[in-house]
Amino acid sequence: MEIEQSLLEKMETLSVLSLQEGETENLRQELSSMVDYFSQLEEVDVESVEPLSHPLELKNVDREDESEKTLPPEEALDNAPARDGNYFEVPRILNDEDHQTHDS
Amino acid sequence: MNIPDHIYLHANRLSDQIQEGNISTEAVVEESYRRLEKTEEDHALNTFITTCEESAYRRASKIDQQLEKGINPGPLTGVPVAVKDNICTKGIRTTCASKMLEQFVPPYDATVIEKLRNAGAIIVGKTNMDEFAMGSSGENSAFGHTKNPRAEQHVPGGSSSGSAASVASGVVPVAIGSDTGGSIRQPASFCGITGCKPTYGHVSRYGLVAFASSLDQIGPLAHRAEDCRIVTNIISGKDQHDMTTTGQQVDKQNRDIDDMTVGVPEEFFGEGVSAVVQETIQDTIETLSSAGVSLQQVSLPHTKYGIATYYLIACSEASSNLGRYDGTLFGARESDMSSTRTSGFGKEVKRRILLGTFALSEGYANQYYRRALKVRRLIKNDFEQVFEQVDLLLGPTSPTPPFRLGEKTEDPLQLYESDALTVTCNLAGLPGISVPCSQTDEGLPIGLQIIAPAHHEPKMFQLAEQYETDNMP
């Protein structure tokens, strides 16, 4: 199957990646050959075969609803690229217009 | 003081010598760094990303003090261990061989690290690997490739490249790796040492940086299957931090090799498996047969779909797992998430994320991801049917001897094919071990793989240890 440029761009958006100019064509061709290769699975008769997503097929492994000791803030923030007190500081994702729309 | 190989390279013997007071733990740690320095000076193998002398000597001092007080620190007392750099070590940088985590210092230890420390082992450093465990050659690291100590123009295999090379070059007796599609067994085979992947669920993945959560398992590499068994025993166990652990213990059961039937899957000798590998393993089969092992030919009909099934599932899971690397809470950060991820990840990682994203996307998920899950069940069924007739399976670990550095970098699919004989084990969640078998005329190692039914590690280790005793110096 040929992965069209537009499909590759869609996948880039979904995976939050933006390939450089030089990389795109090469990768597009590689992915196309891989998808071609993976199409061999179409020759397998999977009629009435249940998918196996996990070797153990576990169900509802739960624990008691009791709080446990977790990381103190200092340790949790130790690798933060940017911090403000006990907060992780991140680039702004909402603009003023978004706030206004939300209020009205 | 130089410790001779016949003691130093065997965890069991080394630990005994330390416990008996013949060697101090401090001397052993010194020995490991002396060996590492010499190896890198003479061969520049690039096996380690980080060494942790300070913490290693501190631990050594504690252990020596315990011994003086008559306390037994554990079955791995003083044994220096190298750990693959995708396993979290508190206070010690853990990079996954990626620029994305180049400065990341975990605030906690992986469960396996705690267990190793509680057994008296000393972590001496974090080994090089393929980035985020994605690779089969050791050439995908952001910190440079690792060389094969047995053949320096050739790859050591991957993704546990540094772990395998650190054992094979005699720097440490034991290393820890991870295996998602063969990443312990294949480098063990390529470097002429032993490496095993336990049954899925035996060893906690808490603290293992996730690649494909339904396939990843942590396991040991060493010179002998006996050491692999001892370490597997120590690192296994139910863990409340990893809900996929089963708590089934591994221990040696006395079982005569003569009572076992070993199956040889015909598909492990098919197209794509090189002549020298086929001949070598066939010779081994004849040797085992003369030694009294009962062998029979069996079939795993869906083997040829293993690569396609594995890569579709692994890349899909990876595309989800690696979504966390966005510069928000830890790791590299650029001006926006897209730049962070595009420059933080290497080429192979990006390739796999895109492939996985495609396989899971609307309009394609049924045809690719879901279909792969169904073929996964058929692969698992193949094994279950065959294990009704035989106790174990045997075959080559890798379709070829170790290839040259750079030989397969242009064609990623060709590189993926080198996992053809190891991936089905991960898909079915079964235990597998690679033991050194022979070498080509050029001295390139060839490994023998033994696969057991789920939770039947004792039989697997039994055959591996007997084979090594009979065939290795």
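Structure first, text after, so check above.
The rules we used
Residues numbered from 1 in each chain as written. Chains lettered and ligands numbered in written order. Predicted model: local features only at pLDDT ≥ 70, side-chain atom pairs only at ≥ 80, totals over all residues. Heavy atoms only, no water. Helix = DSSP H or I, 4+ residues; strand = E, 2+ residues; numbered from the N terminus. Rg over C-alpha atoms; globule rule 2.2 N^0.38 Å. Buried < 20%, exposed > 50% of the residue type's maximum accessible area, 1.4 Å probe, protein only. Contact = heavy atoms within 4.5 Å. Core = buried A, V, L, I, M, F, W, Y, C linked by side-chain atoms within 4.5 Å. Disulfide = S-S within 2.5 Å. Pairing = 2+ DSSP bridges. Axes fitted to C-alpha atoms, helices over the stretch in contact; angles between N-to-C directions. Parallel < 35°, antiparallel > 145°, perpendicular 65-115°, else oblique. Left-handed = near helix turned anticlockwise from the far one by under 90°. Polar contact = N/O pair within 3.5 Å; in protein donor to acceptor, adjacent residues only side chain to side chain. Expected span 1.5 Å × (residues − 1). Arc of directions from axis to C-beta. Buried area = accessible area lost by both parts, 1.4 Å probe. Salt bridge = Lys/Arg side-chain N within 4 Å of Asp/Glu carboxyl O.

Caption draft 1: Summary view of the overall build of chain B. Secondary structure summary: chain B contains 16 helices and 11 strands in total. Over its C-alpha atoms chain B spans a radius of gyration of 21 Å, differing by no more than 12% from the 23 Å that the globule rule assigns to 473 residues. Principal-axis analysis of the C-alpha atoms places the extent of chain B at approximately 65 × 60 × 45 Å. Classification of the 473 residues of chain B by burial places 66% in the buried group. Taking all contacts inside chain B whose residues are at least 6 apart in sequence as the whole, residues at least 24 apart take part in 75%.

Caption draft 2: Summary view of the nonpolar core. Residues and elements named next belong to chain B. Counting 125 residues, the largest nonpolar core has Leu 76 and Phe 132 as the members making the most contacts within it. If sequence neighbours within four positions are ignored, Phe 132 has contacts with Cys 96, Ser 98, Met 100, Leu 101, Val 209, Phe 211, Leu 322, Tyr 325, Phe 345 and Val 349. Val 124, Val 172, Ile 184 and Leu 221 belong to the second-largest nonpolar core, a separate cluster that totals 21 residues.

Caption draft 3: Geometry of the state of the cysteines. Residue and element names in this part refer to chain B. Evaluated as defined, the whole model comprises zero disulfides over all chains. Residue Cys 196 stays outside any disulfide, its sulfur separated by 5.0 Å from that of Cys 228, the closest cysteine. Here Cys 437 is not cross-linked by a disulfide; its sulfur's nearest cysteine counterpart is in Cys 191, at 16 Å.

Caption draft 4: Structural context of the pairing of strand 10 (residues 432-439) of chain B. Residues and elements named next belong to chain B. Across the eight residues of strand 10, six count as buried, placing the element largely inside the fold. Direction of pairing for strand 5 (residues 194-197) relative to strand 10: antiparallel, over a ladder of three bridges. Residue pairing across strands places Cys 196 opposite Ile 433, the latter belonging to strand 10. Judged from the seven bridges that link them, strand 10 and strand 11 (residues 445-451) form a sheet pairing that is antiparallel.

Caption draft 5: Structural detail: the packing of helix 2 (residues 21-38) of chain A against helix 12 (residues 347-360) of chain B. Close contact between helix 2 of chain A and helix 12 of chain B brings their axes to 11 Å; oriented N to C, the two are set at 55 degrees. When the interaxial angle is binned, helix 2 of chain A and helix 12 of chain B end up oblique. Our pair here, helix 2 of chain A against helix 12 of chain B, has a crossing hand that is right-handed. On the side of helix 2 of chain A, the interface is formed by Glu23(A), Asn26(A), Leu27(A), Glu30(A), Leu31(A), Met34(A), Val35(A) and Phe38(A), while helix 12 of chain B contributes Lys347(B), Lys350(B), Arg351(B), Leu354(B), Leu355(B) and Phe358(B).

Caption draft 6: The side chain of Thr340(B), seen in detail. All names here are of chain B. Within the secondary structure, Thr 340 is located in helix 11 (residues 337-344). Residue Thr 340 is classed as buried on the basis of its relative accessible area of 1%. A distance of 2.8 Å separates the side chain of Thr 340 from the backbone nitrogen of Glu 334, its partner in a polar contact. Setting aside residues no more than four positions away along its own chain, Thr 340 makes contact with Met 100, Asp 326, Gly 327, Ala 332, Arg 333 and Glu 334.

Caption draft 7: Layout of helix 9 (residues 275-290) of chain B. Residue and element names in this part refer to chain B. For helix 9, which comprises 16 residues, the first-to-last C-alpha distance of 23 Å matches the rise-based estimate of 22 Å (1.5 Å per residue) to within 8%. The complete set of buried residues in helix 9 reads Val 277, Thr 280, Ile 281, Thr 284, Ile 285 and Leu 288. Buried residues along helix 9 cover an arc of 140 degrees about the axis, so they all sit on one side. The exposed set on the far side of helix 9, more than 90 degrees from its buried face, consists of Glu 286 and Ser 290. Those residues of helix 9 hidden inside the fold are in contact with strand 7 (261-265), strand 8 (294-298), strand 9 (392-396), strand 10, strand 11 and helix 16 (457-471).

Caption draft 8: View of the sheet that holds strand 10 of chain B. Residue and element names in this part refer to chain B. The strand order across the open sheet built from 11 strands is 1-3-2-4-6-5-10-11-9-7-8, with neighbouring strands paired in mixed fashion. One side of each edge strand has no neighbouring strand; the edge strands of this open sheet are strand 1 (48-51) and strand 8. Sheet twist, expressed as the average angle between the axes of neighbouring strands with direction ignored, equals 30 degrees. Seen against the sheet, helix 5 (residues 111-118) touches strand 2 (80-84), strand 3 (122-127), strand 4 (174-179) and strand 6 (217-222) and runs at an angle of roughly 145 degrees to strand 3.

Caption draft 9: Representation of the interface of chain A and chain B in the model. Taken together, the contact between chain A and chain B spans 53 residues of the former and 62 residues of the latter. Around 5,200 Å² of area is buried between chain A and chain B when both sides are counted, 67% of it from carbon and sulfur atoms. Contact with chain B buries area across many residues of chain A, yet Phe38(A), Leu41(A) and Leu52(A) alone supply 13% of it, more than any other trio. Where chain A packs against chain B, one counts five salt bridges.

This is a description of form; function is not addressed.
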